[in-house]
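Observations on the model geometry
Residue-level listing of the chains:
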Amino acid sequence: MAASILVWIAFGAALVSAFAYHQSATKKRMLVPLARRSFVVMAAGVVAASILLMMFILRHQFEYSYIWNYSSRDLPLPLLLTTFWAGQEGSFMFWALCSTIIGFGLLNFTRRKHIEYETMAVYSLLQAFLLLLLLVKSPFRYIWDAFPDQVQVGFVPPDGKGLNPLLQNFWMIIHPPVLFIGFAAMGVPFAMAVAALWKRSYNDWVIKALPWTMFAAIALGAGLMFGGYWAYGVLGWGGWWGWDPVENSSLIPWIVVVALLHTLLVQKKTGKLIRTNFILAVLGFVLVIYSTFLTRSGILGDASVHSFVDPGAFAYALLVLWMLTVTVLGFGMVLRRWKELKALGAPVGSFSRESLIALGSAALGASALVIFFGTSLPIVSRSTIEPSFYDSMNLPIAAIMLLLLGISLLVQWRVDSPAGLVRRSLRGILIALAATAGLFAVGVRDLSMLALAAASLFALVVNVERLVALARVNPAGTGGAIAHIGLALLFLGIIGSGRYGQKVTASLPQNEPKEIFGYAVTYEGAQPFENGTKYRFRVSVERNGSTTTLSPVMFQSSYNNSLMREPDYMSSLVRDFYLEPVAVEATHDHASGTVYEFPKGDVKEIEGKNITFVRFEMNQHGNESMVSGEGFSVSAVLEVRGGNKKETLTASTVFRQGQPPQPAPVRTRDGELEISFLGMNIDRDTRQSTVQLSIRNPKTDEHDHAQDREVLVVEASLKPFMNLVWISAVLVLGGLALALSETRKISPPPSPKRNSMKREPAVEQEPAMEEIVS
């Protein structure tokens, strides 16, 4: 109860702070102390509520519905801490905490820059909306309030439901917090842009917004990179990006903020693209809220593996209201000042650096628009967009953007300078064409991939030359060149790992080497761990005299009664060899048991136990694998009752065209029944599904198990140049971080008079910021 009161106090203080700052920005300066103190009270309330939530989690206070839903007593401390942001309610709390911490930094920054009143008025309003959502979706709701018809008042469950096994990983500690820091940071350029429109300070805000925009780009980009690495190395999705709608909804704001970063640079250097910058600053934060809406409204529950459950009608309405309010406030201010902004506008030319940067930003915008369309389609239609749509639509956009990235560095600011461009580009063009010809010679025949590779190589060569030139003059100013080199390498890595990767499903009999993609792969056996609840499968991989042992993992999750898989892989500079476990089977004949046919929901008594077929479960890549002929894994969920005991078993099998099923037998806890999933059938007329099961009693079976050998079924993948993806991501983020550190050293001149409608001159600084960012 006390924690909820703290959130109410914080919400009220945020409203008071927004109102007092608004009044201070217009006429009543005597309210400035009230505005600042209210912001401090808001911050104190958020921090105190966050501390209480963490304390309740650590003390296993399961009377709170949120804590009961996402934590349990058996979670190790690092994972227990992550339950703070594992669910909807906690994630809103963490977002509010991040916004509060960033808000304190913004308060001090704006006081020094003399833009405190108008900027903090907008920022405090954003914080108030976030806290209102937190009041509706509170992590401090008692379990008897959440389930009034099922739980008596005062009842405290002995344990919680626990954390989803997919989230029980090291990256859960890092990925969500970094992403929420990025979401919170995106509110700063929005607040500064609206404040600048309010006060008609159309140029002065740019130099102030640049470092905050860079920070938001770094945080969002890092969150996306950590999420991609998590998906690739742990979740067993076989890739680092799947064009999932919720993944996309975080990518779109990052693309927009990167475009904003470059157009802010153009305005800072030349005074152009004024309207574009205000539009992008507003759009970036609107898309952050849209991302929140997609993820937490439950609207993509059938289209995304990331989507949360339906938050309820009121919370849904609040998310929509927040999005509409920010959209109307931001774009309303842009429209209100449109004539004044138009009068200040100036053409960017056709072959100046600013014109090419503008075109490159337009290409980023086109990519964001394509992804936005595909991501939003499930909202208005039952159809979903295949990953191939995003690939085919974004490929030409990426090639154009990379060409512009290289060419823009070969022309001058403010001057159309096409003359001599071919001569200045010649080295880059020749090297790119020679390298592309080399790719063709080694087997790359896809013309679209060759075009993307040529554009990437051209941008790479030009930016390496620029890096060398800048390093001689100002090594600290090489951040932009490093980030652009990373971007060029990223697309080369995407070509290698995505377009020319290979995948095959293979059966590995124990201690029998099998050749896969030129590797000698030997399954050596299984090793139980974590008290026998999980199994680690030792697989020896040998190539050219060098041997590596991989240890993929499978286990039956008690959280959702499904089979969980964790891949493992070996990495080198030029390729990754990736193994995902599918099933384990024995070489004996499963027909030695009695075969039964179970219609869905039917109960059969076998060996004194009642067995019910509940449902099928197909792995999320099942349809794709079936079409490609690689085989697919299906599980039958069974309920087994014996006396007063009930347990749920998941029997899995792998189906391949032209081959018999390859089942993975499961046993009851007492070991009295072994069940193998042999086949399935769905009647087209009645839609009735049935499953064929082989059931036997291992304790009475006369089969000679000493002759059995385990067979591990795996999906093996070869991914060329996968390391380029991770190296390039580090270069992009490292380059932005270096540019941010250098930008902070630049002090802008004193701000001009606040309410002047006279056009402000573009700010010239030393050292030239375009050398740092562009």
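These remarks concern the structure in this document.

Things to note about the overall build of the protein
A tally of regular secondary structure across the protein gives 22 helices and 19 strands. Here the protein holds 774 residues, and the buried ones make up 56% of them.

Observations regarding a nonpolar patch on the surface
On the surface, Leu573, Val574, Phe721 and Ile727 cluster together into a nonpolar patch covering about 360 Å² of accessible area. Mapped onto the elements of the fold, valine 574 is located in the loop between strand 8 (568-571) and strand 9 (575-586). Residue class for valine 574 comes out partly exposed when judged on its relative accessible area of 35%.

With respect to helix 9 (residues 187-199)
With 13 residues, helix 9 ought to run about 18 Å at 1.5 Å a step, and its terminal C-alpha atoms sit 18 Å apart, in line with that. Of all 13 residues that make up helix 9, 13 are buried, and the element is covered over most of its length.

Describing the nonpolar core
Counting residues in each nonpolar core, the largest one holds 174 residues, and the members touching the most others are Trp205, Trp254 and Phe278. Broken down by element, this core gets its largest block of residues, 16 residues, from helix 10 (residues 204-235). Non-local contacts of tryptophan 254, meaning those with residues more than four positions away in its chain, are made with Ala217, Leu220, Gly221, Leu224 and Val732. Ile516, Phe537, Phe577 and Leu712 belong to the second largest nonpolar core, which has 19 residues in total.

Points about the packing of helix 16 (residues 387-407) against helix 18 (residues 447-473)
Contact geometry of helix 16 with helix 18 gives a least axis separation of 8 Å together with a crossing angle of 20°. As far as their axial angle goes, helix 18 and helix 16 are roughly parallel. For the crossing formed where helix 16 meets helix 18, the hand is left-handed. Counted together, Leu395, Ala398, Ala399, Leu402, Leu403, Leu405, Gly406 and Ile407 of helix 16 and Ser448, Met449, Leu452, Ala455, Ser456, Phe458, Ala459, Val462 and Asn463 of helix 18 form the full contact between these two elements. Residues that form the contact of helix 16 with helix 18 fall into these classes: 13 nonpolar, four polar and no charged.

Overview of the pattern of salt bridges
Applying the stated criterion across every chain, the model contains 15 salt bridges. One salt bridge in this structure joins glutamate 116 and arginine 111, with 4.0 Å as the shortest N-O distance. Note on glutamate 116: relative accessible area 4%, which makes it buried. Its relative accessible area of 43% is what places arginine 111 among the partly exposed residues. Salt bridges here are not isolated pairs; linked through shared partners, they connect Arg36, Arg111 and Glu116.

Digging into unusual backbone geometry
The backbone of histidine 60 shows a phi angle near 55°, a positive value even though the residue is not glycine. Note that histidine 60 resides in the loop between helix 2 (32-58) and helix 3 (65-70). According to the relative accessible area criterion, histidine 60 is buried, its value standing at 18%. The backbone of asparagine 544 sits at a positive phi, close to 55°, despite the residue not being glycine. The residue asparagine 544 is located in the loop between strand 4 (534-543) and strand 5 (546-550) in this model. Residue classification places asparagine 544 among the exposed positions, given a relative accessible area of 73%.

Observations regarding the packing of aromatic side chains
Applying the stated criterion across every chain, the model contains 40 aromatic pairs. On the numbers, 5.2 Å between centres and 75° between planes, the contact of phenylalanine 170 with tryptophan 171 is edge-to-face. You can call phenylalanine 170 partly exposed: its relative accessible area is 48%. Centroid distance phenylalanine 180 to phenylalanine 183: 6.0 Å. Interplanar angle 90°. Geometry classified as edge-to-face.

Re the pairing of strand 3 (residues 519-529)
Inspection of the sheet shows strand 2 (residues 514-516) paired to strand 3 by three bridges, in the antiparallel sense. What sits directly across from isoleucine 516, in strand 3, is tyrosine 519. Remark: two residues form the turn of the hairpin made by strand 2 and strand 3, two consecutive strands paired antiparallel; phenylalanine 517 in that turn has positive phi of roughly 55°. Where strand 3 and strand 4 come together, nine bridges link them in antiparallel fashion. When the bridges of strand 4 are listed, alanine 520 appears paired with glutamate 542.

Comments concerning helix 17 (residues 421-441)
When the terminal C-alpha atoms of helix 17 are compared, their 29 Å separation across 21 residues agrees well with the 30 Å that a helix rising 1.5 Å per residue should span. Largest kink in helix 17: about 40°, centred on arginine 427. The complete set of buried residues in helix 17 reads Leu421, Ser425, Gly428, Ala432 and Thr436. Phi turns positive, to about 120°, at glycine 443, one or two residues after helix 17.

Points about the side chain of serine 367
Relative to the helices and strands, serine 367 resides in helix 15 (residues 353-380). Judged by relative accessible area, serine 367 falls into the buried class, the value being 12%. Here serine 367 is in contact with Ile255, Asn394 and Ile397, once residues within four sequence places are set aside.

Quick notes on the rules
Residues numbered from 1 in each chain as written. Predicted model: local features only at pLDDT ≥ 70, side-chain atom pairs only at ≥ 80, totals over all residues. Heavy atoms only, no water. Helix = DSSP H or I, 4+ residues; strand = E, 2+ residues; numbered from the N terminus. Buried < 20%, exposed > 50% of the residue type's maximum accessible area, 1.4 Å probe, protein only. Patch = residues over 30% accessible without salt bridge, like charges linked within 9 Å, V, L, I, M, F, W, Y side chains within 5 Å. Areas by Shrake-Rupley, 256 points an atom, 1.4 Å probe, with all protein chains shown as cover. Salt bridge = Lys/Arg side-chain N within 4 Å of Asp/Glu carboxyl O. Expected span 1.5 Å × (residues − 1). Core = buried A, V, L, I, M, F, W, Y, C linked by side-chain atoms within 4.5 Å. Contact = heavy atoms within 4.5 Å. Axes fitted to C-alpha atoms, helices over the stretch in contact; angles between N-to-C directions. Parallel < 35°, antiparallel > 145°, perpendicular 65-115°, else oblique. Left-handed = near helix turned anticlockwise from the far one by under 90°. Nonpolar A, V, L, I, M, F, W, Y, C, P; charged D, E, K, R; others polar. Phe/Tyr/Trp six-rings, centres within 6.5 Å; stacked < 30°, edge-to-face > 60°. Pairing = 2+ DSSP bridges. Bend = angle between axes of the 7 residues up to and from the residue.

Coordinates in, geometry out; function isn't part of it.
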